[in-house]
Structures are given as C-alpha cells and as structure tokens.
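# Architecture and fold: a report
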Amino acid sequence: MAGDLARGEAVGGRIPVAVYVLGLSVFALGTSEFMLSGILQPLARDLGVSIPQAGLLVSAFAVGMVVGAPVLAAATLRLPRRTTLIALLAAFVLGHVVGALAPTYEVLFVSRIVSALACAGFWAVGSAVAVSLVPENARARAMAIMVGGLGVANVAGVPAGSFLGQQAGWRAAFWAVAALAALAVVGVLASVPDTPVPTGAHAPDLRRELRIYRDKQVWLALVTIALNAGAVFALFSYLAPLLTEVAGLPESWVPSVLALFGLGGLIGTVIGGRIADAHLFGTMYGGISASTAVLTTLALLAEYRWAAIALALMLGVTAFTTGPALNARMFNAADAAPTLAGATATASFNIGNTVGPWVGGLAISAGWGYAAVAWVGAAMAAAAVLTTAVSSRVHARSRLVTASAGPGLRSVPGATAPGATGPGATAPGATGPAATDVTGGAGAGGRRPGD
C-alpha cells in the first residue's frame with residue numbers, strides 16, 4: 001500500500017485526481033493549438049499580413065511540437081517531474097501573454113514557437129506522469145483522460161476561443177488561454193505528487209533511454225501513429241471548403257459540423273479508454289479500419305450534405321477511439337523509457353498533423369478537388385492498418401522468443417520484480433524491458449494488456 005500511495009496509484013481501480021488535472025491542462029493546450037483556424041481573418045487584418053502568412057502560425061506550432069517533444073524530454077530527464085510540468089505551463093502562459101501583447105507578426109510568430117515547445121514538453125512529461133500514476137492495465141484509461149482534454153478542447157474550447165476572438169478581438173482569445181493555463185499550474189501544484197528523481201541504478205540515463213530507438217516495435221508504433229493522425233488531418237484541415245464547395249452547405253453551418261467532429265472525438269476517446277487496456281491491438285485494428293471505411297465513404301458521398309455531416313461525426317468517433325490504444329502501445333513498446341515514449345508519441349501525432357494536410361494540399365493543387373483529401377486520408381489510414389498488422393506479428397513473435405528463453409517469462413512490458421522500483425524494472429534474469437512473469441494472468445483468461 002505504501003508503494004501505491006507513493007506513486008499516487010488509485011485504490012480499487014480508480015484513476016487519481018492528478019490524471020484528471022493533467023487532462024484539464026491539455027484542454028488549455030489543445031484550445032491554443034487549434035483555435036487559430038477560427039481567428040485567422042481578424043488576426044491577419046490587425047497585423048497587416050495575408051491569410052496564408054497568418055496560416056504559417058499554425059505550421060509553426062506543429063513544427064515546434066515535433067521538435068520540442070523529444071528535445072525537452074531529453075533536456076528535463078533528470079529534473080523532478082512536477083517541477084518540470086509547472087515550468088512548462090509557466091512558459092506556456094508567458095508565451096500567450098507575449099502573444100496577446102504582440103505588436104508585430106514577427107513577435108507573435110516567436111511566441112507561438114515558444115508556446116509550442118512548452119506544449120510539446122508538457123505532453124511528453126505529462127503522459128509519462130499519467131501512466132506512472134496508474135497500474136499497467138489502466139494505462140489506456142489514463143491516456144484517454146489526457147486525450148479527452150483535447151477532445152473537450154475541440155468541442156468547447158476551440159469554438160469558444162473562435163467566438164471570443166471574433167467578438168472581442170483575437171488578443172482576447174490569447175488572454176483567455178493564458179488564464180486557463182495559469183489555473184492548470186495551480187491544479188498541478190495541488191494534485192501531482194512531488195516524487196524525487198530516482199537515483200542509483202534507476203537514475204534517468206539518456207543513453208539508456210535512447211536505446212528504445214533500436215526496437216522495431218517503437219518505430220512501428222511511431223509510423224502507425226503518424227499515419228493515423230495524417231489520415232484524419234488530411235481531411236479535417238480542408239473540411240470547411242469540402243462542406244461548402246462540395247456538399248453545398250452554407251458557411252454558417254461549418255462551426256456546427258466542426259463541433260460535431262469534436263463531439264465524435266470525445267465519444268471515441270471514452271470508448272477507446274474503456275476497451276483499449278483489454279484489447280489493445282483489437283482497438284487499433286477496429287478504429288483505424290473504421291476510419292478507412294468512413295473516409296472512403298465520404299470521398300464517394302461528399303456531395304450529399306447530410307452524408308457529409310454524419311460522416312464528419314463518425315470520423316471523430318473512429319479516429320479518437322484509437323488514440324488511447326496508440327498511446328498505450330507506444331508506452332508498452334518503450335516501457336524502459338517512459339519520458340521518451342511520451343515524447344515520441346507526441347512527435348508522431350504532430351508529424352501526421354503536418355504531413356497529412358500537406359499531402360492533402362498537393363491533391364487539391366493537382367486539380368483533383370476537395371473530395372480528393374478524403375481519398376488521401378483513406379489511403380493513409382489503410383497504410384496504418386498494414387503497419388498495425390506488422391506490429392501485431394512482431395509483438396507476438398517477441399513473446400514467443402521471450403517465452404522460449406526460460407520458464408516463467410513473457411514479453412509484456414511494465415511488470416516489475418519484487419522490490420524493483422521505477423518504470424522498466426524487470427524480473428531477475430529477464431532480457432529487455434518486456435520480460436515478465438506469466439504464472440498468473442492479469443484479468444479474465446490470463447490476458448495481458450496488448451494481447
């Protein structure tokens with residue numbers, strides 16, 4: 001019991017309050033990341049730049065997320081995690097205060113990069129903290145709460161930020177996000193355990209953590225996450241013109257359809273969080289395959305407005321159902337390096353968020369029309385199904401290899417030997433971070449997370 005309390009684990013399977021606070025923090029981060037799409041026009045007018053130039057602020061944030069996640073994860077590896085989270089949130093607040101006061105486009109651009117770096121670092125470290133506060137068989141639920149913050153941001157935060165920006169000026173939206181992030185600082189201070197940095201054999205070691213990149217399962221998880229995110233954002237980035245130019249919807253309907261997509265994402269996150277721990281690869285297969293089918297159907301029926309609306313909602317459900325499973329899979333594959341695992345997952349999502357819209361834009365520029373982005377998304381989702389299949393085979397093969405190495409060992413990440421502390425500790429004689437005892441199952445039928 002003392003060990004559970006030290007790690008902040010819940011008794012009786014309940015998720016600690018700290019995980020929910022991290023999810024609420026992500027709500028502020030996600031609102032900032034996506035709200036610019038609704039305030040580009042007033043922002044561009046105020047700063048005297050073109051819409052495409054203002055749109056580069058979105059790209060700058062995405063690139064900052066890709067670069068910032070692994071860099072900041074490595075830089076803060078030996079720092080106390082609660083202190084790191086507070087410092088990153090404070091930098092995020094400062095970035096938005098500077099953005100709200102920015103006299104020029106250039107100052108705003110720099111502030112967006114600073115905010116993106118802080119956001120990326122928080123995602124990486126916060127994800128590692130979230131999974132460290134729960135047992136292994138609740139990792140997907142913990143990540144569902146983190147991703148759920150992003151879903152709530154899409155449903156409520158982004159529309160509210162856009163409305164505030166259009167009614168009170170785009171700077172008001174930046175002040176509002178800064179206030180939300182400041183509240184998150186208070187929440188982290190009050191709820192996240194102040195755990196000491198491990199020392200001795202369990203002290204963080206960057207070179208040891210970097211060894212995860214020798215594992216093909218980590219790379220397969222990375223590619224799958226990027227392809228799934230790219231499939232969704234290839235379509236989502238151009239959903240507004242597809243709705244108005246192809247489906248013939250009035251522009252006034254677009255915010256409502258975007259909110260429906262966000263609602264679908266929230267529903268999908270709840271579903272994924274409930275089923276992914278017990279059926280990790282099944283959730284990945286089902287969710288990504290369903291996204292492939294939805295995107296293909298949308299490409300075929302995009303001219304029918306009610307079909308387009310319904311399919312936008314369904315895509316939110318299918319895409320976000322896989323989110324907790326994809327995150328948990330990365331943490332399982334890179335169990336010996338939880339901070340870099342969180343950083344790699346964050347970078348992977350944002351690689352997809354960057355590449356998907358770029359490829360979709362190429363299809364539009366080639367004259368194939370806005371419906372072509374749905375075909376692009378379907379192709380990327382189908383590729384993600386294939387990488388999931390390969391990952392599942394590699395996972396099964398590694399389990400067999402570990403089991404044949406000696407009795408009582410099985411390749412399921414995360415279990416620890418008696419007396420071992422810290423993520424990635426393994427049973428005596430086990431080889432690699434994944435070797436564990438299988439004398440007893442974890443759940444009905446002895447199934448383990450990821451089976």
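Scope of this entry: the structure provided in the associated data block. Throughout, residues of each chain are indexed from 1 in the direction in which the sequence is written. Two thresholds apply to this predicted model, a pLDDT of at least 70 for residue-level local features and 80 or more for giving and counting side-chain atom pairs, whereas whole-chain, interface and lining totals are computed over all residues. Excluded from the side-chain calculation are hydrogens and water; included are all heavy atoms of the structure.

## A short note on the environment of A325
Secondary structure counts use DSSP, requiring at least four H or I residues in a row for a helix and at least two E residues in a row for a strand, with both numbered from the N terminus. Following the sequence through the fold, A325 ends up in helix α13 (residues 305–333). Three exposure classes are used, based on accessible area relative to the maximum for each residue type with a 1.4 Å probe and protein chains only: buried under 20%, partly exposed in between, and exposed over 50%. Note on A325: relative accessible area 0%, which makes it buried. Residues A325 and A144, spaced 181 residues apart in sequence, show a C-alpha to C-alpha distance of 8.5 Å.

## Section: the packing of helix α4 (residues 81–101) against helix α5 (residues 105–132)
In this description, a line fitted to the C-alpha atoms serves as the axis of each element, helices being fitted only across the stretch in contact, and the angle between N-to-C directions of two axes falls anywhere from 0 to 180 degrees. Running from N to C, α4 and α5 cross one another at 155°; their axes reach a closest spacing of 8 Å. Classed by the angle they form, the pair α4 and α5 counts as roughly antiparallel. Pair α4 / α5 crosses with left-handed handedness. Each residue gets one of three labels, nonpolar for Ala, Val, Leu, Ile, Met, Phe, Trp, Tyr, Cys and Pro, charged for Asp, Glu, Lys and Arg, and polar for the others, Gly among them. Within the contact of α4 with α5, the residues separate by chemical class into 15 nonpolar, nine polar and two charged. Every angle not falling under 35 degrees, over 145, or within 65 to 115 is termed oblique; those three ranges are roughly parallel, roughly antiparallel and roughly perpendicular. Crossings are classed by handedness, with left-handed meaning an anticlockwise turn of the near helix from the far one by less than a right angle and right-handed meaning a clockwise turn.

## Here's the deal with the pattern of salt bridges
Salt bridge criterion: a side-chain nitrogen from Lys or Arg within 4 Å of a carboxyl oxygen from Asp or Glu. This model, assessed by the stated rule, comprises one salt bridge. We note a salt bridge from R171 to D46, for which the minimum N-O separation is 3.3 Å. With a gap of 125 residues between them, R171 in helix α7 (residues 170–191) and D46 in helix α2 (residues 17–47) connect regions that are remote in the sequence. A relative accessible area of 24% means that R171 is categorised as partly exposed.

## As for the environment of M143
Residue position: M143 is located in helix α6 (residues 139–168). Between the C-alpha atom of M143 and that of A128, which follows or precedes it by 15 residues, the distance is 9.6 Å. Those residues in contact with M143 that sit more than four places away from it in its chain are S127, V131, P324, N327 and F331. It only takes one pair of heavy atoms within 4.5 Å for two residues to be counted as in contact.

## As for a positive patch on the surface
Patch membership requires more than 30% relative accessible area and the absence of a salt bridge. Residues of like charge join within 9 Å; the nonpolar side chains Val, Leu, Ile, Met, Phe, Trp and Tyr join within 5 Å. For every accessible area listed, the method is Shrake-Rupley and the probe measures 1.4 Å; residues are considered covered only by the protein chains on display. The positive count covers Lys and Arg only, the negative count covers Asp and Glu only, and His and the chain ends enter neither. For charged residues, the charge sits on one atom: NZ in Lys, CZ in Arg, CG in Asp, CD in Glu. A surface patch of positive charge is lined by R78, R207, R208, R211 and R214. Position of R207 relative to the elements: it lies in helix α8 (residues 206–210).

## Re the packing of aromatic side chains
Note on ring pairs: Phe, Tyr and Trp rings are taken, using the six-membered ring of Trp, and paired if centres are within 6.5 Å. Classes follow the plane angle, with under 30 degrees stacked, over 60 edge-to-face and the rest tilted. Per the counting criterion, the structure on display carries six aromatic pairs. Centre to centre, the rings of F233 and F236 are 5.8 Å apart; their planes meet at 80°, and the pair counts as edge-to-face. Separated by three residues within a single helix, F233 and F236 lie in helix α9 (residues 216–236), roughly one turn from each other. Residues F233 and F236 agree in their burial class; the two are buried. Here the aromatic cluster, defined as three or more aromatic residues joined through ring pairs, consists of F233, F236, F261 and F320. Counting as a charge over the ring demands two things of the Lys NZ or Arg CZ atom: a distance within 6 Å of the ring centre and an angle within 35 degrees of the ring normal. Seen from the ring of W253, R305 lies directly overhead, with NZ or CZ sitting 6.0 Å from the centre.

## Section: the packing of α6 against helix α11 (residues 254–275)
Relative to each other, α6 and α11 sit at 170°, their axes nearing to 8 Å. With respect to α11, the element α6 is oriented roughly antiparallel. For the pair α6 and α11, contact is made by A140, R141, A144, V147, G148, G151, V152, N154 and V155 and by A259, G262, L263, L266, T269 and G273, respectively. By residue class, the composition of the contact of α6 with α11 is eight nonpolar, six polar and one charged.

## A short note on a nonpolar patch on the surface
A contiguous nonpolar patch, built from L263, I267, I271 and I275 and spanning about 290 Å² of accessible area, is present on the exposed surface. By relative accessible area, which is 36% here, I275 ends up partly exposed.

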